[in-house]
Amino acid sequence: MKKITSDLGLILLLYSCTNPNPNLEREGEDMLDVNQLEKGSINLAYRDTIYIPIYTEIYMEHDTWKLGLTPTISIRNTSFKVTMYIEEIDHYDSKGGLVHQYSDCILFLGPLQSSEYVVAERESEDEAMIGGSFIIIWGANSSKVKPIFQGIMISSHGPQGISFLTEGVSISGETLRE
């Protein structure tokens, strides 16, 4: 019995030490790499820029105690017929500085497809941000496409957890041709 218990403990320990990439789907493909086109390879009728606020930490009880959060960006194409194209996904810090550009290609989402991206845990205290954001430039061949852009923040501390979401908002819509 002790042998079985120690073997089970070793298996659980090894499994818990693995840190799989949270952005890989079951087949092991990075969701941002699955549906891609070269930049400049598509002419779209409609483009829009979306602002999504995210939080990697929030204040708890007073201004000296902060709780770390894991943000996830969710992009959902709500159209039954029209493909949407994401041209840029840029992550900015609280001071408006560019943290990371996530796409050097165009990501496309077919009808009713979605994509999520888990924001990597910060590497230093300098990267912690109460007021970070994502700017996403997307387009489609119809202005009737109404995708959903959300930031989902989650954390747990002991037996308690916290989660909330933010909605992306359009900060500039321009019709190129219709």
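Given the structure is predicted, the values throughout are model-derived calculations rather than measurements.

Undergrad: Give me the pairing of strand 2 (residues 46-54): which residues, what numbers.
TA: In terms of residue burial, strand 2 counts as a mostly covered element, since eight of its nine residues are buried. Note: strand 2 against strand 10 (residues 132-140), nine bridges, orientation antiparallel. Within the sheet, the bridge partner assigned to Arg 47 lies in strand 10 and is Gly 139.

Undergrad: Describe the sheet that holds strand 12 (residues 160-167), with residues and values.
TA: The four strands lie next to each other as 9-5-11-12, forming an open sheet whose pairing is antiparallel. Every other strand in the sheet has two partners, leaving strand 9 (114-118) and strand 12 as the edge strands with one partner each. If you compare each strand with its neighbour and ignore which way they point, the axes differ by 20 degrees on average. With seven bridges connecting them, strand 5 (residues 70-76) and strand 11 (residues 148-157) associate as antiparallel partners. Bridge assignment links Ile 73 to a residue of strand 11, and that residue is Gly 151.

Undergrad: Explain the packing of aromatic side chains to me, and be specific about the residues and the numbers.
TA: According to the stated counting rule, one finds four aromatic pairs in the structure shown. Considering the side-chain rings of Tyr 55 and Phe 164, the 5.8 Å spacing of their centres and the 55 degrees angle between planes classify their relative orientation as tilted. With Tyr 55 in the loop between strand 2 and strand 3 (57-60) and Phe 164 in strand 12, this residue pair connects regions lying 109 residues apart in the sequence. Look at Tyr 55 and you get partly exposed, because its relative accessible area is 25%. The class for Phe 164 is partly exposed, based on a relative accessible area of 28%.

Undergrad: Before we move on, could you go through the nonpolar core and cite the residues and values that matter?
TA: Counting 24 residues, the largest nonpolar core has Ile 75, Ile 86, Ile 136 and Trp 138 as its most contacted members. Aside from chain neighbours lying at most four places away, what touches Trp 138 is Tyr 46, Arg 47, Asp 48, Ile 50, Met 84, Tyr 85, Ile 86, Glu 87, Val 145, Pro 147 and Phe 149.

Undergrad: Go over unusual backbone geometry with me, naming the residues and quoting the values.
TA: At Leu 112, a position not held by glycine, the phi torsion is positive, near 65 degrees. Residue position: Leu 112 is located in the loop between strand 8 (106-109) and strand 9.

Undergrad: Let's hear about the confidence of the model for the protein: which residues, and what values?
TA: Summary statistics for the protein give a mean pLDDT of 77 and a share of 69% for residues scoring 70 or more. When the elements of the protein are averaged for pLDDT, helix 1 (residues 2-17) gives the smallest value, 44, and strand 2 the largest, 94. Note on residues 4-29: pLDDT is under 50 here. Beyond four places in sequence and across chains, it has 13 contacts.

Undergrad: Outline the pattern of salt bridges, supporting the account with residue identities and numerical values.
TA: Applying the stated criterion across every chain yields a total of three salt bridges. Arg 47 serves as the salt-bridge partner of Glu 87, at 2.7 Å between the closest nitrogen and oxygen. Note that Glu 87 is positioned in strand 6 (residues 84-92) and Arg 47 in strand 2, a separation of 40 residues in sequence. The pair Glu 87 / Arg 47 is uniform in exposure class, with both members buried.

The rules behind these values
- Residues numbered from 1 in each chain as written.
- Predicted model: local features only at pLDDT ≥ 70, side-chain atom pairs only at ≥ 80, totals over all residues.
- Heavy atoms only, no water.
- Buried < 20%, exposed > 50% of the residue type's maximum accessible area, 1.4 Å probe, protein only.
- Helix = DSSP H or I, 4+ residues; strand = E, 2+ residues; numbered from the N terminus.
- Pairing = 2+ DSSP bridges.
- Axes fitted to C-alpha atoms, helices over the stretch in contact; angles between N-to-C directions.
- Phe/Tyr/Trp six-rings, centres within 6.5 Å; stacked < 30°, edge-to-face > 60°.
- Core = buried A, V, L, I, M, F, W, Y, C linked by side-chain atoms within 4.5 Å.
- Contact = heavy atoms within 4.5 Å.
- pLDDT = per-residue confidence, 0-100.
- Salt bridge = Lys/Arg side-chain N within 4 Å of Asp/Glu carboxyl O.

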